[in-house]
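# Observations on the three-dimensional arrangement
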Amino acid sequence: MNNLKLGVEVVSAHDLVSKDGQGSSTTYVELHFDDQRFRTTTKDKDLSPVWNESFYFNITDPTKLSSLTLEAYIYHYNKTNGSKVLLGKVRLTGASFVPYSDAALLHYPLEKKNVFSRSKGEIDAKPGVTFGMFEMKSSQAPPKVVQAFGGAQEFVVKEISPTLGGGKVVGGRVIRGNKAAPSSSYDLVEPMKYLFVRVVKARDLPSMDVTGSLDPYVEVKVGNFKGTTNHFEKNQNPEWNKVFAFAKENEQSFTLEVVVKDKDTILDDFVGTVVFDLHEVPERIPPDSPLAPQWYRIVNKNGEKKGELMLAVWYGTQADEAFQDAWHSDAVLSPDGSTISNYSQIRSKVYMSPRLWYVRVKVIEAQDLVSSDKSKVPDAYVKVQIGNQIMKTKPLRVAQPRWDQELLFVAAEPFEEPLVLTVEERVGGNKDETIGNVVIPISTIGRRVEDRPIRGRWYPLEKSMSSAMEDQGKKKEKDKDKFFSRIHVTLILDGGYHVLDESTYYSSDLRPTAKQLWKKPIGVLELGILNADLLPTKSRDGRGTADAYCVAKYGLKWVRTRTIVGNLNPKFHEQYTWEVYDTATVLTLGVFDNAQIHNSSNGTKDSKIGKVRIRISTLETGRVYTHSYPLLSLQNSGLKKSGEVHLAVRFSCTSMANMMAMYFKPHLPKMHYTKPLSIIDQERLRVQAVIIVASRLGRTEPPLRKEVVEYMSDTDSHLWSMRRSKANFNRLKEVFSFLACFGSWFGEIAKWKNSFVTVLVHIVYLMFVCFPELILPTMFLYMFVIGMWKWRFRPRNPPHMDAKLSCADITNPEEFDEEMDSFPTTKSSDIVRWRYDRLRSLAGKVQSVVGQIATQGERVHALLNWRDPRATSIFMVFCLVSAIMLYVTPPQMLFILGGFYLMRHPKLRGKTPGAPINFFRRLPALTDNML
């Protein structure tokens with residue numbers, strides 16, 4: 001085995017050509033040697049980047065080393081569309097390779113891309129990249145392992161070209177041979193062949209003991225893969241109706257054995273078998289009707305045929321109707337070949353979120369309240385409860401309290417929890433006593449879809465909860481002459497709202513609750529979950545492994561793939577479809593590790609591997625997007641890439657006119673504008689909605705666990721995070737960066753840095769002032785031209801989570817630990833005190849900035865409020881003179897003089913601030929009145 005390696009140290013580059021249009025470049029180096037290649041990290045906006053990174057190439061044949069070449073390409077990376085631009089290259093022959101002891105740093109000039117490239121002499125110094133090269137024997141210290149194409153490139157979306165639906169994806173279309181493949185209902189995944197065996201029932205099975213009893217079950221076996229049905233006690237004519245699916249790529253035999261056995265406490269008895277030659281098994285292609293099962297005689301050990309077994313055996317794909325509920329050989333076998341007992345935990349399923357309603361409760365007043373102390377008026381308030389949602393009105397100490405207070409709750413169909421109204425009084429010492437209760441089934445509450453008036457109703461208050469839960473009709477008849485305290489409330493189920501059960505930024509559905517308000521869908525979204533490449537999430541039998549499954553959510557529909565057990569490269573190839581009602585929505589897909597079938601490092605909770613979001617409005621209609629998405633997760637130690645998931649996505653539009661018209665319609669249902677909810681109420685109700693959805697989906701089989709629903713719904717997006725605060729501040733700076741760019745450009749114009757450009761700006765400015773009707777047409781034409789220019793560089797990949805935008809690359813572990821902390825905190829008092837002091841320091845800086853902004857605004861107010869009588873007098877005289885001058889002077893002349901004054905030559909400028917600025921800074925603010 002060869003013991004030589006070629007080591008290359010990429011040190012730095014300098015004076016590179018700018019390619020981003022802003023005077024800089026985002027650069028990285030790509031090394032090629034003997035069909036091997038490596039890539040450095042990417043340096044943002046740096047024309048003289050420094051890497052200091054080492055790479056090691058295998059030398060397969062030392063005798064050919066002198067004939068090999070090492071090529072280093074330096075590229076500019078365009079983050080907008082994922083493209084790269086070659087800045088130059090260096091080519092080194094084998095004669096340049098020296099032993100490690102003779103290695104030295106050398107400077108190499110970059111070669112031009114082609115004849116028409118910019119000359120190197122146009123920059124101050126020759127562009128070059130520095131390398132040190134050496135051979136290294138394996139007996140020396142082992143080289144540092146450098147992952148190829150590492151750094152920031154690990155976190156980007158990459159386009160892939162899988163074979164889907166019998167064809168290869170080229171240019172966003174599925175191609176079969178030289179002809180476009182026709183669209184089918186299952187063309188976004190790779191067809192996976194399965195051997196399906198349906199065990200229906202048996203009859204006339206022979207008994208295996210003297211008692212004449214039989215506890216039969218069936219074992220289906222292909223090579224080392226086997227699956228079993230449940231057993232029946234003392235039944236010679238059992239019925240199972242169970243389907244087994246064996247992956248054809250894992251077939252280890254040419255025969256299929258279906259064995260009937262008798263369950264025994266010590267050793268199961270052999271009853272008989274049916275053997276199939278797999279070459280003779282028919283193939284079924286949907287939409288063909290299911291293959292009809294037929295009776296087969298079973299053969300015992302003596303070759304006798306006793307009893308019959310009804311079976312159906314065929315080859316099919318995952319598009320087969322039997323696939324979803326079948327037992328899967330590639331999903332349920334442990335590494336040791338044993339079958340997993342709780343198979344229900346790994347099946348693929350489709351779930352539907354419950355329909356959510358806002359319950360509006362207005363507590364108006366109460367009458368005839370009786371206090372426990374007859375001598376005083378009760379200090380009463382009303383507690384309203386639906387399930388675990390509790391809200392209270394303000395307390396009032398009056399004889400006939402009137403609150404007129406509205407409270408909002410979330411309820412899900414079918415309505416299981418009643419609405420409970422409890423009137424309580426405060427008796428002191430943090431002690432409350434109940435005056436009366438009302439229990440109202442939510443199903444009896446009226447519904448509305450618009451903001452119409454609601455009629456109130458009086459309800460009698462029962463002292464005990466059991467009496468309050470009696471049927472209202474029977475109670476009214478029984479207690480018609482009895483004295484009651486009573487309460488006046490209005491109740492309604494608001495169906496005109498969309499009940500938010502996920503983060504408002506990543507909503508997958510914006511329809512109102514009431515179905516009569518739903519519009520027709522504008523398109524169809526299809527998702528093909530292909531496969532994944534994962535890092536180990538747990539250890540089993542001394543090796544790293546994962547039990548991965550995917551969950552996707554869009555609208556009310558959740559889908560879950562089957563769990564692939566013990567595989568770091570799971571192949572799912574499952575396809576799902578959703579109707580699209582609004583393009584301003586987001587499809588969310590999460591990858592999880594199943595902790596319900598084996599012990600997990602996360603206890604009984606399914607571990608989060610990563611998440612992908614795809615906004616529908618960023619997808620072109622009809623195009624098939626096949627990409628590899630990095631699975632990123634934030635942990636206490638920092639940002640971690642846990643693997644990649646490969647997806648195929650297609651958005652098809654049913655009506656282009658309806659889709660384009662939708663862009664001019666309200667984003668939310670009408671009720672959100674006619675009777676808007678406060679931000680605080682929206683967030684509180686969203687959290688409650690997620691709790692309800694998680695509770696309902698957790699009662700399905702297999703359950704969609706609480707931690708999965710919360711992760712998919714971003715329940716913790718409202719919590720404090722230093723990282724998010726930095727990211728949002730940087731986003732805000734980026735939004736207004738054009739103002740800084742314009743200010744910098746105008747500063748250069750005003751300083752006459754380039755006389756020709758400044759004179760040209762004077763001419764254009766003079767033309768716009770003289771012909772103002774050209775301003776708006778020129779502005780819109782300019783934006784049109786810019787849009788058409790940027791169309792060439794439009795993103796070709798769906799946007800994905802950006803580590804730099806999220807500030808995940810600059811956040812320290814302590815801030816990550818704070819972000820991962822639970823609420824309320826579980827940290828020690830010292831850590832909490834330190835974080836509180838840090839937050840106080842940050843808040844102090846924000847406080848100072850807010851104070852400065854307020855000061856400038858107060859100075860504007862001081863111009864006319866006579867706090868400084870001399871300043872106000874000067875300003876009033878200025879206003880009077882300006883009014884007279886503006887009355888007699890053409891406005892065009894004023895604009896010309898004002899513009900030319902701002903762009904005057906530096907020789908006509910003073911070195912101190914101008915008179916208007918000095919005057920403004922002397923105006924008083926209210927800081928003198930602050931304590």
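About the cut-offs
Counting restarts for each chain: residues are numbered from 1 in the order of the written sequence. Where totals are concerned, whole chains, interfaces and linings use all residues; where local detail is concerned, this predicted model gives features only for residues with pLDDT of at least 70, and gives and counts side-chain atom pairs only at 80 or more. As a rule here, side-chain values cover all heavy atoms of the structure and leave hydrogens and water aside. UniProt positions are given in the numbering used here, feature names are shortened, and annotations may be inferred rather than shown by experiment. Only Phe, Tyr and Trp rings are paired, with Trp represented by its six-membered ring, and only when their centres lie within 6.5 Å; those with planes under 30 degrees apart are stacked, over 60 edge-to-face, the remainder tilted. Two thresholds decide whether a charge sits over a ring: the Lys NZ or Arg CZ must be within 6 Å of the ring centre and within 35 degrees of the ring normal. Every patch collects residues that have over 30% relative accessible area and no salt bridge, joining them within 9 Å if they carry like charges and within 5 Å if they are nonpolar side chains (Val, Leu, Ile, Met, Phe, Trp, Tyr). To be clear on the numbers: accessible area is Shrake-Rupley with a 1.4 Å probe, and residue cover counts the displayed protein chains and nothing else. Definition used for salt bridges: Asp or Glu carboxyl oxygen within 4 Å of a side-chain nitrogen of Lys or Arg. Put simply, DSSP H or I for four residues or longer makes a helix, DSSP E for two residues or longer makes a strand, and each gets a number counted from the N terminus. When accessible area is computed with a 1.4 Å probe and restricted to protein chains, residues below 20% of their type maximum are described as buried, those above 50% as exposed, and intermediate ones as partly exposed. Expected span of a helix: the number of residues minus one, times 1.5 Å. Contacts: residue pairs with any heavy atoms within 4.5 Å of one another. Here the axes come from fitting lines to C-alpha atoms, over the contacting stretch only for helices, and the angles between their N-to-C directions go from 0 to 180 degrees. To sort the angles, those under 35 degrees are grouped as roughly parallel, those over 145 as roughly antiparallel, those from 65 to 115 as roughly perpendicular, and the leftovers as oblique. Working rule for handedness: look at the near helix, and if it is turned counterclockwise from the far one by less than a right angle, call the crossing left-handed; if clockwise, right-handed. The nonpolar class holds Ala, Val, Leu, Ile, Met, Phe, Trp, Tyr, Cys and Pro. Asp, Glu, Lys and Arg form the charged class, and all remaining residues, Gly among them, are polar. Whether two strands pair comes down to DSSP finding at least two bridges between them. What pLDDT reports is the predictor's confidence in each residue, on a scale of 0 through 100.

The chain is annotated in an unreviewed UniProt entry as Multiple C2 and transmembrane domain-containing protein 2 of Cajanus cajan. Looking at the Subcellular location (unreviewed entry) heading of the UniProt record, one finds this comment for the chain: "Membrane". For the chain, the Sequence similarities (unreviewed entry) comment in UniProt is given as "Belongs to the MCTP family."

## Describing the packing of aromatic side chains
A complete count under the given rule lists 23 aromatic pairs for this structure. The ring centre of Tyr75 lies 4.5 Å from the NZ or CZ of Lys84, which sits over that ring. Directly above the ring of Tyr581 sits Arg511, whose terminal nitrogen or CZ lies 4.1 Å from the centroid.

## Observations regarding a nonpolar patch on the surface
The grouping of Phe742, Trp745, Phe756, Val757, Leu760, Val764, Met767, Phe771 and Leu774 at the surface amounts to a nonpolar patch, some 840 Å² of accessible area in total. Sorting the residues of the nonpolar patch by element identifies α9 (737–750) and α10 (755–770) as the ones contributing at least two each. Broken down by element, the residue count for the nonpolar patch peaks at 5 residues, all from α10. Looking at where Leu774 falls in the secondary structure, it is placed in the loop between α10 and α11 (775–791). Here Leu774 falls in the partly exposed class, since its relative accessible area comes to 34%.

## Concerning helix α6 (residues 679–697)
With 19 residues, α6 should cover 27 Å at 1.5 Å per step; its first-to-last C-alpha distance of 27 Å lies within 8% of that length. For α6, the full list of buried residues reads Gln682, Leu685, Arg686, Gln688, Ala689, Val690, Ile692, Val693, Ala694, Arg696 and Leu697. Buried residues along α6 sit in contact with β23 (349–352), β24 (356–367), β26 (389–392), β27 (402–412), β37 (557–560) and α7 (706–713).

## Remarks on the packing of α10 against helix α15 (residues 891–902)
Put simply, α10 and α15 touch, their axes get as near as 9 Å, and they point 160 degrees apart. Put simply, α10 runs roughly antiparallel to α15. With respect to the hand of their crossing, α10 and α15 are arranged in right-handed fashion. Contacts from His762, Tyr765, Leu766, Val769 and Cys770 in α10 reach Gln892, Phe895, Ile896, Gly899 and Phe900 in α15. Of the residues assigned to the contact of α10 with α15, the class counts are 7 nonpolar, 3 polar and no charged.

## Considerations on the pairing of strand β3 (residues 36–39)
Bridge count between strand β2 (residues 27–33) and β3: 4 bridges; the pairing is antiparallel. Bridge pairing in β3 links Phe33 to Gln36. Hairpin remark: β2 followed by β3, antiparallel, with 2 residues in the connecting loop; positive phi at Asp34, about 50 degrees.

## A few points about the pairing of strand β6 (residues 84–93)
Taken together, the 9 bridges between strand β5 (residues 69–77) and β6 define a ladder with antiparallel strand orientation. When the bridges of β6 are listed, His76 appears paired with Val85. Taken together, β5 and the strand that follows it, β6, pair antiparallel across an intervening segment of 6 residues, in which Gly82 is found at a positive phi of about 75 degrees.

## Notes on the sheet that holds strand β29 (residues 431–440)
The strands that make up a sheet are held in pairs by hydrogen bonds between backbone atoms, and each pair lies either parallel or antiparallel. With antiparallel pairing, the 4 strands of this open sheet are ordered in space as β26-β25-β28-β29. The open sheet has two edge strands with one neighbour each: β26 and β29. Adjacent strand axes in the sheet meet at a mean angle of 20 degrees, parallel and antiparallel pairs treated alike. Pairing of strand β28 (residues 419–428) with β29 involves 9 bridges; the strand directions are antiparallel.

## Observations regarding the packing of α6 against α7
Interhelical geometry of α6 versus α7 gives an angle of 140 degrees and a closest axis separation of 9 Å. For the pair α6 and α7, the crossing hand works out as right-handed. Within the contact between the two elements, α6 uses Arg686, Val690, Val693, Ala694 and Leu697 and α7 uses Lys706, Val709, Glu710 and Ser713. Of the residues that constitute the contact of α6 with α7, the class distribution is 5 nonpolar, 1 polar and 3 charged.

## Examining the UniProt feature "transmembrane region" (unreviewed entry) in the chain
The UniProt entry lists residues 762–786 and 874–903 under the feature "transmembrane region" (unreviewed entry), expressed in the numbering used here. Across residues 762–786, the secondary structure splits into 84% helix and 0% strand, with the terminal C-alpha atoms separated by 23 Å. A distance of 27 Å separates the end C-alpha atoms of residues 874–903, which is 90% helix and 0% strand.

## Some details on the pattern of salt bridges
With the rule as written, the count across this model stands at 50 salt bridges. Glu710 is the salt-bridge partner of Lys706, the closest N and O atoms lying 3.9 Å from each other. Remark: Glu710 and Lys706 occur in helix α7; sequence separation between them is 4 residues, near one turn of the helix. A salt bridge links Lys726 to Glu815, with the nearest nitrogen and oxygen atoms 3.2 Å apart. Remark: Glu815 occurs in helix α12 (residues 813–820) and Lys726 occurs in helix α8 (residues 722–735); sequence separation between them is 89 residues. Each of the salt bridges in this network shares a partner with another, and the network as a whole consists of Glu814, Asp817, Glu818, Asp821, Lys827, Arg835 and Arg838.

## Thoughts on the confidence of the model for the chain
Do not read the predicted coordinates in detail wherever pLDDT is low. Residues of the chain with pLDDT of at least 70 account for 89%, and the chain-wide mean is 84. Counting interchain partners and residues more than four positions distant, the pLDDT-below-50 stretch residues 119–146 has 84 contacts. Contacts of residues 178–183 to residues separated by more than four positions or lying in other chains number 8 contacts, the stretch itself having pLDDT below 50.

## Details of the sheet that holds strand β33 (residues 523–534)
The strand order across the open sheet formed by 5 strands is β9-β41-β42-β33-β38, and the pairing between neighbours is antiparallel. Each of the sheet's edge strands pairs with one partner strand only, and the pair in question is β9 (158–159) and β38 (571–580). Bridge count between β9 and strand β41 (residues 624–635): 2 bridges; the pairing is antiparallel. Note on β41: the bridge partner recorded for Glu159 is His627. Its contacts with the sheet put α12 on β41 and β42 (638–653), and the angle it makes with β41 is roughly 95 degrees.

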